Amino acid sequence: MVFPEQTSHYGSLYGGNALAAMGKAAFIAATRHCRKAVVMASSQRVDFDNQIQKGEVVELIPRVIKVGRSSMTVEVQLCAENLQSGERRPCGHGTFIMVAVDAQHRPTAVLPSAA
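Residues numbered from 1 in each chain as written. Predicted model: local features only at pLDDT ≥ 70, side-chain atom pairs only at ≥ 80, totals over all residues. Heavy atoms only, no water.

Student: Account for the environment of Glu81, naming residues and giving values.
Tutor: Secondary-structure assignment places Glu81 in strand E3 (residues 71–81). For Glu81, a relative accessible area of 24% translates into the label partly exposed. With 23 residues separating them along the chain, Glu81 and Val58 place their C-alpha atoms 6.6 Å apart. For Glu81, the contacting residues outside a window of four places in its chain are Glu56, Val57, Gly86, Glu87 and Arg88. (Helix = DSSP H or I, 4+ residues; strand = E, 2+ residues; numbered from the N terminus. Buried < 20%, exposed > 50% of the residue type's maximum accessible area, 1.4 Å probe, protein only. Contact = heavy atoms within 4.5 Å.)

What follows is the structure, encoded as structure tokens:
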């Protein structure tokens, strides 16, 4: 839910708040995929297509689309829903590179090596 303190003077969700939420969704998807600690290495591109207004519900849909040795590319779709009308619309999307790390915060293999 978008609350007033998360909005700009236009009444729409600040882009920085949307970006932070998208990064968290990418983190969760990558962690679920590899079941290891992960960090964000980069955000490849984020596009905002529609505003999300105060009082609307934000839905984030993350999906791991590519897996490297220690990295995972996660695509995140950003959608909004008006609770009164039920109208849903796409509002943005972004691509994030997440890296699995070990206890020393060094990159580690996403998948265990075959023995």
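Student: Give a description of the pairing of E3 that names residues and reports values.
Tutor: Pairing between strand E2 (residues 57–67) and E3: ten bridges, direction antiparallel. Within the sheet, the bridge partner assigned to Glu59 lies in E3 and is Cys79. Of the strand pairs in this sheet, E3 and strand E4 (residues 88–101) are connected by eleven bridges, and their pairing is antiparallel. Of the residues in E4, the one forming a bridge with Met72 is Met98. Two successive antiparallel strands, E3 and E4, enclose a turn made up of six residues, where Gly86 displays a positive phi of approximately 80 degrees. (Pairing = 2+ DSSP bridges.)

Student: Give a description of the sheet that holds E3 that names residues and reports values.
Tutor: The antiparallel open sheet is built from four strands, whose spatial order is E1-E4-E3-E2. The sheet is open, and its two borders are formed by strand E1 (37–48) and E2, each paired with just one other strand. Shown here is a sheet whose adjacent strand axes are inclined to one another by a mean of 25 degrees, direction ignored. By the bridge criterion, ten bridges tie E1 to E4 in an arrangement that is antiparallel. The residue bridging Ser42 from the neighbouring strand is Ile97, located in E4. (Axes fitted to C-alpha atoms, helices over the stretch in contact; angles between N-to-C directions.)

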